[in-house]
Amino acid sequence: MRRPAFIVNHLRSALVLVAALAAAAAAIPPAEASPASTTDTNQGAVHRAIPRGPVVWSHRGASKNAPEETTAAYERALADGADVLEGDLAQTKDGVLVVIHDNTLARTTNVEEVFPDRAPWNVADFTLAEIKQLDAGSWWNPAFAGQRILTLHEWFELNHGRAGLAPELKSPTLYPGMVENLAKELRAWGYTHDFKAKNGAPQIWVQSFDEAGLRQFHALLPEVPTLLLRSGYPFMTASDEVLTELATWTTAVAGNPVQNTASQVARVQSFGLQVVSEVEDGPSLLSMIEHQGYDYMFTDVPNVAKAVLADKKPLRTNRGVIVDSVVYNPEGSDVAVNGGEYVALRNTTDKPINISGYTLREFGNTLLRVGEDAVIEPGSLYKVYVGPGTDRPNAHFNGLTAPVLADTVTDHIYLYNPDQVMEDLYSYIAS
């Protein structure tokens, strides 16, 4: 049947319009993916993407706001927006992988009280049932009493895909079968290749200072990303041949923003390797990591890192007392009586401030206290000494016999109020 002339004309006009719209669309460049979300093919849902800049790795959890590598530290890290949770692995006497930094239980648990006759309290000498009896929180603060050492399985369950995970093969030579056990556990969870967590970060990333152990792991699960660690960061200045070989089996190497430069970072990246930063916490050092172009930012304070990357004020809790300066390498003994190394606090207001109950920690977590009934006069300094001495109105001596403040590379000082809320964070470059 013949169509009326007006219908034919309208069809012709419509076809011309469609063709014009198609041509216009083809001329428009493709839009970039929205920064607000990303599709996780493994989870089948849309989630927020990682913001531009380095991916934030939370070192031992939020380990300057809670006892390291405990549920409290990891939950705090997730609340603070960490993209990846890092944890160290050891292995019990009965072959269970647990998340703890040291190869001994002495520093971060009450093992000496519970098992006084088992020195030197190595993880490998205790069964999981024995380790689960230990308190892993009180050493940090009594408010965290009852925190327990996590198994690798419990760590995975706690995270539940919310962030990426970066387990470290801490000392595989001390634990027979450790590498194989990690690979077995990852297979059981489906972590056999490079896919994304709910926040868009790599779901799994295995790291180690032990190159032989990491190569062994790579042979078992070659599609899982790996990070080779080295003290002194030699890979940042390695030869082309070394970097070419590394890129055949590992995903990333580590660098230090104080010891390395943006051009060195870019050169390593040009070989197909990614670059992970040394652990840094101070806003100025985190900013250096960002501006040097690192792929991943390692930190104990993910809330501070996220604030730096978003150009926001890192700490909003300060009541007027700040860490003014540090004397980390004084003349004579670092712990001389009535002298030696110290941290200077400053009152930035025009009113006296009572700092009784305030505490300080440095990067290695040594606790320093201020004196009882300590008051900082308006605009004045108060010195917290590491070693022994006689207290003065403007100074307190902690009586330690060994130095605390680092005199090489960098160190960090953290100031907490009586509620254990961090009020200030000070970093310095020693060399």
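Residues numbered from 1 in each chain as written. Predicted model: local features only at pLDDT ≥ 70, side-chain atom pairs only at ≥ 80, totals over all residues. Heavy atoms only, no water.

### Structural notes on the overall build of the protein chain
Inclusion rule: Counting from the N terminus, the helices are DSSP H or I runs at least four residues long and the strands are E runs at least two residues long. Relative accessibility decides the category of a residue: with a 1.4 Å probe and only protein chains considered, values under 20% of the type maximum give buried, values over 50% give exposed, and everything between is partly exposed. In these tables, accessible area is a Shrake-Rupley quantity obtained with a 1.4 Å probe, and a residue counts as shielded only by the protein chains included in the view.
Of regular secondary structure, the protein chain possesses 11 helices and 22 strands. Split into buried and exposed, the 431 residues of the protein chain put 48% on the buried side. Carbon together with sulfur atoms contributes 54% to the accessible area of the protein chain, which is approximately 19500 Å² in total.

### Observations concerning the pairing of strand β19 (residues 381-385)
To be explicit about the condition: DSSP bridges decide pairing: two strands pair if at least two such bridges lie between them.
Examined bridge by bridge, strand β14 (residues 342-347) and β19 share 5 bridges and lie antiparallel to one another. Bridge pairing links Ala 344 to Lys 383 in β19. Sheet topology note: the β19/strand β20 (residues 395-397) ladder contains 3 bridges and is parallel. For Val 384, the partnering residue across the bridge sits in β20 and is His 396.

### Let's talk about the pattern of salt bridges
Selection rule: Each reported salt bridge corresponds to a side-chain nitrogen of Lys or Arg within 4 Å of a carboxyl oxygen of Asp or Glu.
Applying the stated rule across the entire model yields 18 salt bridges. Among the ionic pairs, Asp 83 bridges to Lys 306, the shortest N-O distance being 3.0 Å. Here Lys 306 lies in helix α11 (residues 302-309) and Asp 83 lies in the loop between α2 (71-79) and β4 (84-91), a separation of 223 residues in the sequence. For the residue pair Asp 83 and Lys 306, the accessibility class agrees, reading buried in each case. Counted as one network, the salt bridges with shared partners bring together Arg 60, Glu 68, Asp 102 and Arg 107.

### Here's the deal with the layout of surface pockets
Where we set the bar: Here a cavity denotes grid points, spaced 1 Å and computed from the protein atoms alone, that fit a 1.4 Å probe unable to get out, and a pocket denotes an open set having protein on both sides within 12 Å along at least 5 of 7 lines; residues with an atom within 4 Å of a point are the lining. Grid points are joined across faces, edges and corners, and a volume is the space filled by probe spheres set on the points.
The computed volume of the largest pocket comes to approximately 540 Å³. In terms of lining residues, the largest pocket is bounded by 29 residues, among which Phe 209, Tyr 233, Glu 278, Val 279 and Phe 363 are the most central. Listing elements by their share of the lining of the largest pocket, those giving two or more residues are β4 and β21 (410-416).

### Describing the confidence of the model for the protein chain
Using the following cut-off: A score from 0 to 100, pLDDT tells how confident the predictor is in each residue. A contact between two residues is defined here by any heavy atoms of the two lying within 4.5 Å.
The share of residues in the protein chain with pLDDT of 70 or more is 88%, and the mean pLDDT across the chain is 88. Ignoring residues within four places in sequence, the model shows residues 1-51, a span with pLDDT below 50, making 41 contacts including any to other chains.

### Observations concerning the sheet that holds β21
Note the threshold: Here, axes are lines fitted to C-alpha atoms. For helices the fit covers the stretch in contact, and angles between N-to-C directions go from 0 to 180 degrees.
If you walk across this open sheet you meet the 4 strands as β17-β16-β21-β22, and the pairing is antiparallel. Either end of the sheet is taken by a strand with one partner, and the two such strands are β17 (367-369) and β22 (422-429). Averaged over all pairs of adjacent strands, the angle between strand axes in this sheet comes to 20°, irrespective of strand direction. Pairing of strand β16 (residues 359-362) with β17 involves 3 bridges; the strand directions are antiparallel. Bridge pairing links Arg 361 to Leu 367 in β17.

### Considering the sheet that holds strand β13 (residues 321-327)
Taken in spatial order, the 4 strands line up as β13-β14-β19-β20 in an open sheet, and their pairing is mixed. Every other strand in the sheet has two partners, leaving β13 and β20 as the edge strands with one partner each. This sheet shows a mean twist of 20° between the axes of neighbouring strands, independent of strand direction.

### Examining the nonpolar core
Threshold: Nine residue types can take part in a nonpolar core, namely buried Ala, Val, Leu, Ile, Met, Phe, Trp, Tyr and Cys, and a core is a set of them joined through side-chain atoms within 4.5 Å.
Trp 57, Leu 85, Leu 105, Trp 155, Leu 182, Leu 186 and Phe 217 are the most contacted members of the largest nonpolar core, which totals 88 residues. Residue contributions to this core peak at 5 residues, all from helix α6 (residues 178-189). Setting aside anything within four residues of it in sequence, one finds Leu 85 in contact with Ser 58, Tyr 74, Ala 77, Leu 78, Trp 155, Asn 159, Ala 163, Gly 164, Leu 165 and Ala 166. Counting residues in each nonpolar core, the second largest holds 23 residues, with Val 321, Val 323, Tyr 358 and Leu 415 among its members.

### A closer look at the pairing of β14
The side chains of a regular strand alternate, residue by residue, between the two faces of the sheet. Most of β14 is tucked away: 5 of the 6 residues are buried. Inspection of the sheet shows β13 paired to β14 by 6 bridges, in the antiparallel sense. Directly across from Val 321, in β14, lies its bridge partner Asn 347.

### Details of the packing of α2 against helix α5 (residues 152-159)
Rules: In this scheme, roughly parallel covers angles under 35 degrees and roughly antiparallel covers those over 145, while 65 to 115 is roughly perpendicular and the rest are oblique. Take the far helix as your reference; a near helix turned counterclockwise from it by less than a right angle gives a left-handed crossing, and one turned clockwise gives a right-handed crossing. Only Asp, Glu, Lys and Arg are considered charged in this grouping, and only Ala, Val, Leu, Ile, Met, Phe, Trp, Tyr, Cys and Pro are considered nonpolar; every other residue, Gly among them, is considered polar.
α5 packs onto α2 with a crossing angle of 30° between their chain directions and a minimal axis gap of 11 Å. Judged on the interaxial angle alone, α5 and α2 are roughly parallel. In this structure, α2 crosses over α5, and the sense of that crossing is right-handed. Taking contact as the criterion, the partners of Thr 71, Tyr 74, Glu 75 and Leu 78 in α2 are, on α5, Trp 155, Leu 158 and Asn 159. Considered class by class, the residues forming the contact of α2 with α5 number 4 nonpolar, 2 polar and 1 charged.

### Considerations on the packing of aromatic side chains
For clarity, the cut-off: Ring geometry is summarised as follows: Phe, Tyr and Trp rings, the Trp one being its six-membered ring, pair when their centres sit within 6.5 Å, and such pairs are stacked at plane angles under 30 degrees, edge-to-face over 60 and tilted between the two.
Within the structure shown, the criterion is met by 16 aromatic pairs. Arranged with centres 5.5 Å apart and planes meeting at 70°, the rings of Trp 57 and Trp 205 form a pair that is edge-to-face. Of this pair, Trp 57 sits in strand β3 (residues 55-58) while Trp 205 is found in the loop between α6 and β8 (206-208), placing the two residues 148 residues apart along the sequence. A relative accessible area of 0% places Trp 57 in the buried class. In this structure Trp 205 comes out as buried when scored by relative accessible area, which is 2%. Centre to centre, the rings of Phe 156 and Tyr 191 are 5.2 Å apart; their planes meet at 85°, and the pair counts as edge-to-face. With Phe 156 in helix α5 and Tyr 191 in the loop between α6 and β8, this residue pair connects regions lying 35 residues apart in the sequence. For the residue pair Phe 156 and Tyr 191, the accessibility class agrees, reading buried in each case. What links up through ring pairs into an aromatic cluster is the set Tyr 74, Trp 155, Phe 156, Trp 189, Tyr 191 and Phe 195.

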